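Structural description and commentary
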Amino acid sequence: MGIHEGFDMVPRLTGGTEDVRKWTRFIDIIQKYYQDDDRFKLCNGYIEFTSGEHPMLPLDGNNFVRFSSKVCGDGSVCGYIRSVRQIAESIFGFRIRPWTESADQYGFYDLRDVHDSYRYSFENTAMTASRFAGDSSDYPSNLDTDNLFEALEIPSKGRGLVARCNIRSGTRILCEKPLLIIRNTSPELLHRDVASKLKSLSKEEQRQFLSLHNNFPGRHAFAGIVKTNALPCGPGAIIGGIFPKICRINHSCFSNCHNSWNDETQQETIHAIKDILAGEEITISYDHSGPASVRQAHLQPNFGFNCQCELCTLPPEELQASDNRRGLIQQLDEQVGDAFTMSTEPLVSLQACQALLGVLIDEYGSHDMALIPRLYYDAFQIAITHGDQARAKVFAERSYKARVACEGEDSPATKKVKGLMQNPASHSSFALCSKMWKTSKTSQPKNLGINEFEKWLWRH
Ligand SMILES: C[S@@+](CC[C@H](N)C(=O)[O-])C[C@H]1O[C@@H](n2cnc3c(N)ncnc32)[C@H](O)[C@@H]1O
């Protein structure tokens, strides 16, 4: 029989947005925490710890009731049960009910509930994904990018790209050279500019351009295609690119991919910023962040559509809750960017950074890698301008890791932060404001637990 230990989720999670967000956050933290652990396995639709009775966590938490294993005979599984429980408690609080038979404590649910939940969570996910990807060892790594997606009709959005198999967060889904690069100008001039540039394209490239969606038909049709589809070549760029495949990707205010322009290779890349399941639509964000009304006010005149993404179509109270978080994100972002506070009260800036990280995770789950590299880079700057190389190095490492996931190793921004991670003092602002936090780059404390390390890092 043996002695069992674990925890139950009481009450069970609902399919509501808040619960889904919390579970996504929980799974993200688990993946990051155990990513270098040999016994941690990310499988098709679930996570497995190859220790004890191989306890599992489903990637979809709806219906999850228990994480447990027989613990005698394999000491290491106890460690997994307890650390997963601690992470779960930090997110779900009182809903996590720990129990151990060694202290005569038993789970809340009876075995039939637990078996039903297992059947739902594990057998179902394996079957669902295998329908798309062929076998149950999904997240294929050897497919060329053309096999990762297909163009399909999406309700109320025209055509869009849909994943053909499970795609892991951090995967480069597409890398494309533009058909055309154009400068923003009046519709008439734009139409003429495009007309002359089209002449130098091949017949196939012309066909690709002309087949793109146009939300602004009329006298200047080429300008309409450009306005509907162009993506800026870099943040704040006044030139934009038109891409045959990337321009088929629809927008979401809660996107699962990140697009970025690589100025060195002159290509646009698309990276998954969360695990995407086969059958899910691939989306990017055309917009800045901010509350729904601000996003709509940008999308309608600039791209000519009312957003129908999963966030904008939430019931009003849930959308309001998201708006409040996004308002707070903007507020904290401004505080973090305040140069005077950074130079005179760096601790206030660092606290704003940490608070921002918390709200970002609440709003996006931790998957929104696109904002995370910048946040850690801001934290790096706060530390380095006051001479703190030890923390600056950790912030640079985190920024680098997040940047690789959303832009790849070949992105100029990734290369830059990689250099800073190796040598934080090479930054031009090193000790520029003060030396009051002076440390060496190797003086990070050793042997601290996660919480203690975070306290050190954020100067609590
Ligand atoms: C760059 S195109 C994307 C591909 C396009 N759906 C197609 O059929 O080729 C942008 C257009 O797609 C549609 N679209 C993209 N995202 C949308 C969304 N979230 N809600 C509604 N329509 C969307 C809008 O018509 C928008 O102008």
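To be clear, the structure that these remarks concern was listed above.
In this report, the structure presented in the accompanying data block is examined. (Residues numbered from 1 in each chain as written. Predicted model: local features only at pLDDT ≥ 70, side-chain atom pairs only at ≥ 80, totals over all residues. Heavy atoms only, no water.)

**Focus on the site of the ligand**
In the vicinity of the ligand there are 20 residues, among which Lys157, Arg159, Asn215, Arg248 and Asn250 approach most closely. The separation between an oxygen atom of the ligand and a polar side-chain atom of histidine 213 is 3.5 Å. Across the complex, the protein chains shield 95% of the 560 Å² of accessible surface that the ligand would expose by itself. Sorting the residues of the shell around the ligand by element identifies β8 (158-163), α6 (221-229) and β13 (250-251) as the ones contributing at least two each. Looking at the shell around the ligand residue by residue, the class counts come to 7 nonpolar, 10 polar and 3 charged. (Near = heavy atom within 4 Å. Polar contact = N/O pair within 3.5 Å; in protein donor to acceptor, adjacent residues only side chain to side chain. Areas by Shrake-Rupley, 256 points an atom, 1.4 Å probe, with all protein chains shown as cover. Helix = DSSP H or I, 4+ residues; strand = E, 2+ residues; numbered from the N terminus. Nonpolar A, V, L, I, M, F, W, Y, C, P; charged D, E, K, R; others polar.)

**Side note on the pairing of strand β15 (residues 267-272)**
Burial analysis of β15 places 6 of its 6 residues in the buried class, the great majority of the element. A two-sided burial pattern is seen for β15, the buried positions comprising Gln267, Thr269 and His271 on one face and Glu268, Ile270 and Ala272 on the other. As judged from the 6 bridges shared by strand β14 (residues 257-262) and β15, these two strands associate in the antiparallel manner. Paired with asparagine 259 across the two strands is isoleucine 270, which belongs to β15. Linking β14 to β15, which pair antiparallel, is a turn of 4 residues; within it glutamine 266 sits at a positive phi near 55°. (Buried < 20%, exposed > 50% of the residue type's maximum accessible area, 1.4 Å probe, protein only. Pairing = 2+ DSSP bridges.)

**Comments concerning the pattern of salt bridges**
Applying the stated criterion to the full structure yields 24 salt bridges. As a salt-bridge pair, aspartate 193 and lysine 197 come within 3.4 Å of each other at their nearest N and O atoms. Of this pair, aspartate 193 and lysine 197 both sit in helix α4 (residues 187-199), 4 residues apart, which is roughly one turn of the helix. Accessibility expressed as a relative area gives 24% for aspartate 193, which makes it partly exposed. Since its relative accessible area comes to 28%, lysine 197 is described here as partly exposed. The salt bridge partner of glutamate 407 is arginine 403, with a shortest N-O separation of 3.0 Å. On the criterion of helical spacing, the pair formed by glutamate 407 and arginine 403 is a turn pair, its members being 4 residues apart in helix α12 (residues 389-407). A single burial state applies to glutamate 407 and to arginine 403, both of which are buried. Because the salt bridges share partners, they merge into one network encompassing Glu18, Arg325, Arg326 and Glu363. (Salt bridge = Lys/Arg side-chain N within 4 Å of Asp/Glu carboxyl O.)

Honestly, it's all geometry; don't read function into it.
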